[in-house]
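# Examining the three-dimensional arrangement
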Amino acid sequence: HYLERALFLARKEPPNETFLELLEEFGVLSLMEGNRAEAEHYYREGLQAASHLKAKMYQVLFLQGVGAIHHLRKERAQARQLFEQGLALAEQIQFRRGRMLLLNNLGVGSFFEGDSAEAGDLLKNGLQEAVQLHNVQGEALILNNLARWARHNNYMHLSQNYFRRLLKLAQTHQWEG
């Protein structure tokens with residue numbers, strides 16, 4: 001309820017970074033709760049505000065969020081366009097975490113589009129970025145996607161290696177569930 005109150009108050013003021021943070025957080029929470037329409041609303045509102053403020057890092061995050069909604073709706077072309085736009089912007093401003101997320105999303109999208117070679121390349125590049133950033137959550141996400149990609153392509157030994165790395169990562173950080 002505190003977040004809702006903060007967003008309500010933030011909407012009364014001209015947009016600023018706190019407002020963008022709240023919109024991004026509400027988008028993520030809505031998506032986690034399975035409410036895609038609400039998540040899309042927050043992401044699009046955030047994208048508009050971030051564009052107005054020329055807050056490029058947030059533009060990247062909101063492009064990724066709207067793209068994820070399209071991906072979940074199986075609207076692959078729209079998702080790819082948004083992910084590519086976000087990736088180009090992330091690279092322009094050297095926003096490496098955004099680059100990592102978008103490489104992962106483009107890789108998953110390519111996998112679903114049937115382009116296995118491109119999917120593998122994108123996911124491997126995303127993993128490299130995650131490792132260099134010491135982004136453990138990103139590394140875990142991409143290792144999981146790479147393991148599934150490898151298994152789908154009958155690279156069983158490679159799939160096992162990715163899953164082993166993921167398990168070791170989980171054990172090192174004492175993750176449960």
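All of the points below concern the structure found in this document. (Residues numbered from 1 in each chain as written. Predicted model: local features only at pLDDT ≥ 70, side-chain atom pairs only at ≥ 80, totals over all residues. Heavy atoms only, no water.)

### Notes on the overall build of the chain
Spelled out, the test is: The helix count covers DSSP runs of H or I at least four residues long, the strand count covers runs of E at least two residues long, and both are numbered beginning at the N terminus. The size measure is the radius of gyration over C-alpha atoms, and the globule rule it meets is 2.2 Å times the number of residues to the 0.38 power.
When you go through the chain residue by residue, the secondary structure sums to nine helices and zero strands. Going from the N terminus to the C terminus, the chain shows its helices and strands as α-α-α-α-α-α-α-α-α. Against the globule reference of 16 Å for 177 residues, the chain gives a C-alpha radius of gyration of 17 Å, in line with a compact fold. In terms of principal-axis extent, the alpha carbons of the chain reach across some 55 × 35 × 30 Å.

### Considering the packing of helix H7 (residues 116-133) against helix H8 (residues 136-152)
Selection rule: Interaxial angles span 0 to 180 degrees and are taken between N-to-C directions of axes, which are lines fitted to C-alpha atoms, for helices over the stretch in contact. Note on angle classes: values under 35 degrees are labelled roughly parallel, values over 145 roughly antiparallel, values of 65 to 115 roughly perpendicular, and the remainder oblique. A clockwise turn of the near helix away from the far one marks a right-handed crossing, whereas an anticlockwise turn of less than a right angle marks a left-handed crossing. Any pair of residues with heavy atoms lying within 4.5 Å of one another is described as a contacting pair. In this count, Pro and Cys sit with the nonpolar residues alongside Ala, Val, Leu, Ile, Met, Phe, Trp and Tyr, while Asp, Glu, Lys and Arg are called charged and the others, Gly among them, polar.
Packing of H7 against H8 brings their axes to within 9 Å, and their N-to-C directions diverge by 155 degrees. The angle between the axes of H7 and H8 places the two elements in the roughly antiparallel class. Here H7 runs over H8; the crossing is left-handed. In contact with Ser116, Ala119, Gly120, Leu123, Lys124, Gly126, Leu127, Ala130 and Val131 of H7, H8 contributes Gly138, Glu139, Ile142, Leu143, Asn145, Leu146 and Trp149. In terms of residue class, the contact of H7 with H8 is built from nine nonpolar, five polar and two charged.

### Here we look at H7
Basically, it comes down to this: Each residue after the first adds 1.5 Å to the expected span of a helix. We call a residue buried when its accessible area falls under 20% of the maximum for its residue type, exposed when it is over 50%, and partly exposed in between, using a 1.4 Å probe and counting protein chains only.
Its 18 residues place the ends of H7 26 Å apart at the C-alpha level, agreeing with the 26 Å of an ideal helix rising 1.5 Å per residue. Of the positions making up H7, those classed as buried are Ala119, Gly120, Leu122, Leu123, Gly126, Leu127, Glu129 and Ala130. Taken together, the buried residues of H7 touch helix H6 (96-113), H8 and helix H9 (156-172). Histidine 134, located one to two residues past H7, shows a positive phi value of around 60 degrees.

### Comments concerning helix H3 (residues 36-53)
Residues spaced three or four apart along an α-helix point in a common direction, a consequence of the helix completing one turn every 3.6 residues. Along its 18 residues, H3 runs 25 Å from first to last C-alpha, staying within 8% of the 26 Å computed at 1.5 Å per residue. Of all the residues in H3, the buried ones are Ala39, Glu40, Tyr42, Tyr43, Glu45, Gly46, Leu47, Ala49 and Ala50. Of the residues trailing H3, lysine 54 is marked for its positive phi of about 60 degrees.

### Considering the pattern of salt bridges
Rules: Any Lys or Arg side-chain nitrogen located within 4 Å of an Asp or Glu carboxyl oxygen qualifies as a salt bridge.
Under the counting rule described, the total for this entry stands at 10 salt bridges. For arginine 80, the salt bridge identified is with glutamate 84, shortest N-O distance 3.0 Å. With arginine 80 and glutamate 84 both in helix H5 (residues 76-93) and four residues apart, the pair spans about one turn of that helix. You can call glutamate 84 partly exposed: its relative accessible area is 40%. Arginine 80 sits in the buried class, given a relative accessible area of 19%. One connected set of salt bridges, linked through shared partners, spans Glu40, Arg44, Arg73 and Glu75.

### Re the environment of leucine 122
Mapping leucine 122 onto the fold places it in helix H7. In this structure, the C-alpha to C-alpha distance between leucine 122 and alanine 140, residues 18 residues apart in sequence, is 15 Å. The residues contacting leucine 122, other than those within four sequence positions of it, are Leu103, Leu106, Gly107 and Ser110.

### Quick look at the packing of aromatic side chains
Threshold: Here a pair means two rings of Phe, Tyr or Trp (six-membered ring of Trp) with centres within 6.5 Å. Their orientation is stacked below 30 degrees between planes, edge-to-face above 60, and tilted elsewhere.
Within the structure shown, the criterion is met by five aromatic pairs. With 5.6 Å between their ring centres and 80 degrees between their planes, phenylalanine 111 and phenylalanine 112 make a pair best called edge-to-face. For phenylalanine 111, a relative accessible area of 25% corresponds to the partly exposed category. According to the relative accessible area criterion, phenylalanine 112 is partly exposed, its value standing at 49%.

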